[in-house]
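Descriptive analysis of the structure
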Amino acid sequence: MGQDRGKYDFYIGLTLAISSSIFIGGSFILKKKGLLRLAKKGSMRAGQGGHAYLKEWLWWAGLVSMGVGEAANFAAYAFAPATLVTPLGALSVLVSAILSSYFLNERLNLHGKIGCLLSVLGSTVMVIHAPQEEEVEHLEEMSSKLLDPGFLVFATLVVIVALILIFIVGPRHGQTNILVYITICSVIGALSVSCVKGLGITIKGLFAGEHVFRHPLSWILIVSLITCVSTQINYLNKALDIFNTSLVTPIYYVFFTTSVLSCSAILFKEWQHMGTDDIIGTFSGFLTIIVGIFLLHAFKDVSLTLANLHVSVRKDEGVVANGVASHSTYEMFEDEITNQTQDGGFDLHSDNVSRRNGTVAVL
């Protein structure tokens, strides 16, 4: 009977995790569509500090979709192990990339597709080899872990880094560097996940008949979660408004997952029980993620696909066979990009802004 119940819970958790990825992946598209509609109307954009998106129903639909996805993801942890639920979060990257190609006219070149795949694979390897967290059943246990000197130092550093990025780096480089706003969301996300875990313990205690809301930690976790989530929403909107969704989504997933894994390792002392194979697997996954990010970011403006790669290789072979010197394939691609015109994009007053918003055709 217990085994059947375990299988039942497993499939419930699996369904919730997949549903979560679909809702979260779709939320990026809905938010981006809403932000683009506002840009077309001439409203002050989120990337410039505007908040007109609060009046756009598509943005709110995206927010609701993300809320449903996060709720499903939170519930999934109650039924299935973390080693199943967390890697499945990578599906939201694929869902977002597929939907953006249909609804936002955004395209990933060959480098981007390989980089996205490597990022997903690397994150999955890291999660698979990461040790299980220690079991925490009561708020008193969670309190002692949150007051541990190691976690207090980590949380203090996270807050300091976030404040520096928000007030010093963001105003100077946020409009041009895709990593600034995404890093803010990611480091703050590590703390928000810790709050979610604590609230999960609170909810379990509430169902068990405990007076959990008499414990001050419950209210501290609620206020902290609201603050962290509000900050994440604000800066994620700015990143989505300025840069290509196909780039923001996978990079955000990679940074967020790495931050959460680091926070969990410090909070629950996971690394103390790691074997050699898990250590090697974790670092291998991390290096794979770095390679994926490099491919996504460094070659995002190179119009390289399997189709034109095949044609270009044939041209190069023909030129070499005739003994004539030729430009490299990448030089031809750069020349092609220079001569490209906007294909169905929005007039956002500059080619640079249009390119970053994915309105220049890549395929």
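Cut-offs applied
- Residues numbered from 1 in each chain as written.
- Predicted model: local features only at pLDDT ≥ 70, side-chain atom pairs only at ≥ 80, totals over all residues.
- Heavy atoms only, no water.
- UniProt positions renumbered as here; feature names shortened; annotations may be inferred.
- Helix = DSSP H or I, 4+ residues; strand = E, 2+ residues; numbered from the N terminus.
- Buried < 20%, exposed > 50% of the residue type's maximum accessible area, 1.4 Å probe, protein only.
- Contact = heavy atoms within 4.5 Å.
- Patch = residues over 30% accessible without salt bridge, like charges linked within 9 Å, V, L, I, M, F, W, Y side chains within 5 Å.
- Areas by Shrake-Rupley, 256 points an atom, 1.4 Å probe, with all protein chains shown as cover.
- Salt bridge = Lys/Arg side-chain N within 4 Å of Asp/Glu carboxyl O.
- Lys, Arg positive; Asp, Glu negative; His and termini not counted.
- Charge placed at Lys NZ, Arg CZ, Asp CG, Glu CD.
- Expected span 1.5 Å × (residues − 1).
- Bend = angle between axes of the 7 residues up to and from the residue.
- Polar contact = N/O pair within 3.5 Å; in protein donor to acceptor, adjacent residues only side chain to side chain.
- Axes fitted to C-alpha atoms, helices over the stretch in contact; angles between N-to-C directions.
- Parallel < 35°, antiparallel > 145°, perpendicular 65-115°, else oblique.
- Left-handed = near helix turned anticlockwise from the far one by under 90°.
- Core = buried A, V, L, I, M, F, W, Y, C linked by side-chain atoms within 4.5 Å.
- pLDDT = per-residue confidence, 0-100.
- Nonpolar A, V, L, I, M, F, W, Y, C, P; charged D, E, K, R; others polar.

As annotated in an unreviewed UniProt entry, the chain carries the name NIPA2 protein and comes from Polyodon spathula. Its UniProt record gives the chain the following Sequence similarities (unreviewed entry) comment, quoted word for word: "Belongs to the NIPA family." Per UniProt, the comment on the chain under Subcellular location (unreviewed entry) is "Membrane".

1. Topic: the overall build of the chain
For the chain, the count of helices and strands is 14 helices and zero strands. N-terminal to C-terminal, the α/β element order of the chain is α-α-α-α-α-α-α-α-α-α-α-α-α-α. Within the chain, the fraction of its 363 residues that count as buried is 46%. Pairs at least 24 residues apart make up 79% of the contacts formed inside the chain by residues separated by at least 6 positions.

2. Regarding a negative patch on the surface
Taken together, the side chains of Glu137, Glu140, Glu141 and Glu210 make up a negatively charged region of the molecular surface. On the secondary structure map, Glu210 appears in the loop between α8 (178-207) and α9 (216-242).

3. What about helix α7 (residues 149-173)?
In an α-helix, one full turn covers 3.6 residues, which means residues spaced three or four apart are oriented alike. If you check α7, its first and last C-alpha atoms are 33 Å apart, about what 25 residues at 1.5 Å a residue would give, namely 36 Å. At Leu165, α7 shows its maximal kink, close to 40°. For α7, the set of buried residues is Phe151, Phe154, Ala155, Val158, Ala162, Leu165, Ile166 and Gly170. One side-chain oxygen of the residue at the start of α7 lies 3.0 Å from the amide nitrogen of Gly150, identifying that residue as Asp148.

4. So, the packing of α8 against α9
Interhelical geometry of α8 versus α9 gives an angle of 150° and a closest axis separation of 8 Å. Classified by the angle between their axes, α8 and α9 sit roughly antiparallel to one another. The handedness of the crossing between α8 and α9 comes out as left-handed.

5. Regarding a nonpolar patch on the surface
Where nonpolar side chains cluster on the molecular surface, the patch consists of Val153, Leu157, Val159, Ile160, Leu163, Ile164, Phe167 and Ile168 and spans about 740 Å² of accessible area. Considering the arrangement of structural elements, one finds Val159 in helix α7.

6. Details of the side chain of Ser194
One can find Ser194 in helix α8. A distance of 3.2 Å separates the side chain of Ser194 from the backbone oxygen of Ala190, its partner in a polar contact. Other than its neighbours up to four places away in sequence, Ser194 contacts Met142, Phe151, Cys263 and Leu267.

7. As for the nonpolar core
Counting residues in hydrophobic clusters, the biggest one holds 23 residues, and the most contacted among them are Met142, Leu146, Phe151, Leu191, Leu217, Leu221 and Leu267. Those elements that place two or more of their residues in this core are α6 (139-146), α7, α8, α9 and α10 (245-268). Ranked by residue count, the leading element in this core is α8, at seven residues. In this structure, Met66, Tyr181, Ala239 and Leu240 belong to the second largest nonpolar core, which totals 22 residues.

8. Structural notes on the confidence of the model for the chain
The predicted coordinates ought not to be read in detail in places where the model reports low pLDDT. This prediction gives the chain a mean pLDDT of 74; 70% of its residues lie at or above 70. Under a pLDDT of 50 for its full length, residues 340-363 has, in the predicted model, 47 contacts with residues more than four places off or in other chains.

9. Notes on the packing of α6 against α9
Contact geometry of α6 with α9 gives a least axis separation of 10 Å together with a crossing angle of 60°. Comparing their axes, α9 and α6 come out oblique. Viewed along their axes, α6 and α9 form a crossing whose handedness is left-handed. Listed contacts from α9 to Leu139, Met142, Ser143 and Leu146 of α6 are Leu217, Ser218 and Leu221. Taken together, the residues of the contact of α6 with α9 sort by class into five nonpolar, two polar and no charged.

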